[in-house]
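Fold and geometry: a report
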Amino acid sequence: NAGVTQTPKFRVLKTGQSMTLLCAQDMNHEYMYWYRQDPGMGLRLIHYSVGEGTTAKGEVPDGYNVSRLKKQNFLLGLESAAPSQTSVYFCASSSPLPNTEAFFGQGTRLTVV
Amino acid sequence: AQSVTQLDSQVPVFEEAPVELRCNYSSSVSVYLFWYVQYPNQGLQLLLKYLSGSTLVKGINGFEAEFNKSQTSFHLRKPSVHISDTAEYFCAVRAKTSYDKVIFGPGTSLSVIP
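Here the structure is a predicted model, which is why all the values come from computation and not from measurement. (Residues numbered from 1 in each chain as written. Chains lettered and ligands numbered in written order. Predicted model: local features only at pLDDT ≥ 70, side-chain atom pairs only at ≥ 80, totals over all residues. Heavy atoms only, no water.)

1. Concerning the interface of chain A and chain B
By a frequent convention, interface size equals the accessible area lost on bringing the separate parts together. What counts, and what does not: In this description, contact between two residues means that some pair of their heavy atoms is separated by no more than 4.5 Å. Put simply, buried area is the surface a 1.4 Å probe can reach on two separate parts but cannot reach once they are joined, added for both. Every case where a carboxyl oxygen of Asp or Glu lies within 4 Å of a side-chain nitrogen of Lys or Arg is listed as a salt bridge. Two N or O atoms count as a polar contact when they lie within 3.5 Å, although within protein this holds only if one can serve as hydrogen donor and the other as acceptor, and sequence-adjacent residues are included solely when both atoms are side-chain atoms.
Taken together, the contact between chain A and chain B spans 22 residues of the former and 22 residues of the latter. When the buried surface of chain A facing chain B is broken down by residue, A:Pro98, A:Asn99 and A:Glu101 rank first, second and third, together holding 30% of it. For the salt bridge of A:Glu101 with B:Lys49, the shortest nitrogen-to-oxygen distance reads 3.0 Å. Linking chain A with chain B are nine residue pairs in polar contact (both at pLDDT 80 or more).

The structure is reproduced here in structure tokens:
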């Protein structure tokens, strides 16, 4: 049972380049999330989705776009990467039921030079 | 809306000593409470959760947490820590009465000193 899978695990980008991070979950969860984690900053929510075809902004959405074309996939795009986007990115998924927990991927370490 | 506070950003503790990681929350509605652990270079995983019933909840790896409604707290404890407990710990809440997303605290970095 894979759970939440993120690809790629590592990536180095040059400033201005674009890329897409893929998150896939096999638990039939409605909700999916993208976070970034920086030293001393905890987890910051970038965007999230409460169902196929829907997305919403989190607390730090600028410079990122997302799409949820299929229920099991949640894509995070960087149109023009900046050094400030160097971070570790985590995807998570959950059921909408409030008594259930979120499940996380292993993270993607992105460096923008 | 809900919010979660973890006042201690870093907690160093000697091996085999007890530890308490503090979590306080704010919410206008009742919430479910969670603790997650993140080992180095890994994603978060559930440590324990409080849904109802006994206010003392036991989780994996010898951790336990106590829910205190009057103090809106959900502190995490372990009577004797091991080197392998070195990790980041996140407290989180979800509102009981709505299909809302998980709200995480800022995290506490636990360092166990040999």
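2. Brief notes about the pattern of salt bridges
Residues and elements named next belong to chain B. Where we set the bar: Only DSSP runs of H or I covering at least 4 residues are called helices, and only runs of E covering at least 2 are called strands; the numbering of each starts at the N terminus. Relative accessibility decides the category of a residue: with a 1.4 Å probe and only protein chains considered, values under 20% of the type maximum give buried, values over 50% give exposed, and everything between is partly exposed.
Tallied over the entire structure, the rule returns nine salt bridges over all chains. One salt bridge in this structure joins Arg77 and Glu20, with 2.8 Å as the shortest N-O distance. Residue Arg77 is found in strand S9 (residues 73–78), and its partner Glu20 is found in strand S3 (residues 19–21); the two are separated by 57 residues along the sequence. We classify Arg77 as partly exposed; its relative accessible area is 27%.

3. Some thoughts on the nonpolar core
For the record, the criterion: Think of a nonpolar core as a cluster: buried Ala, Val, Leu, Ile, Met, Phe, Trp, Tyr and Cys residues, connected wherever their side-chain atoms sit within 4.5 Å.
In this structure, B:Leu33, B:Trp35, B:Leu48, B:Phe74, B:Leu76 and B:Tyr89 are the most contacted members of the largest nonpolar core, which totals 30 residues. Taken together, the elements giving at least two residues each to this core come down to strand S2 (10–14), S3, strand S5 (31–38), strand S6 (44–50), strand S8 (64–68), S9, strand S10 (87–95) and strand S12 (108–113) of chain B.

4. What to know about the packing of aromatic side chains
Inclusion rule: Side-chain rings of Phe, Tyr and Trp (the six-membered ring for Trp) are treated as a pair once their centres are within 6.5 Å; stacked means planes under 30 degrees apart, edge-to-face means over 60, and tilted covers the remaining angles.
Scanning all chains against the criterion turns up 11 aromatic pairs over all chains. Centre to centre, the rings of B:Phe34 and B:Tyr36 are 6.3 Å apart; their planes meet at 35 degrees, and the pair counts as tilted. Taking the centre distance of 5.2 Å and the plane angle of 55 degrees together, the rings of B:Tyr36 and B:Phe104 count as tilted. Of this pair, B:Tyr36 sits in strand S5 while B:Phe104 sits in strand S11 (residues 103–104), and the two are 68 residues apart along the sequence. In textbook terms, an aromatic cluster arises when at least three aromatic residues are bridged by ring pairs, as seen for A:Tyr33, A:Tyr35, A:Phe104, B:Phe34, B:Tyr36 and B:Phe104.

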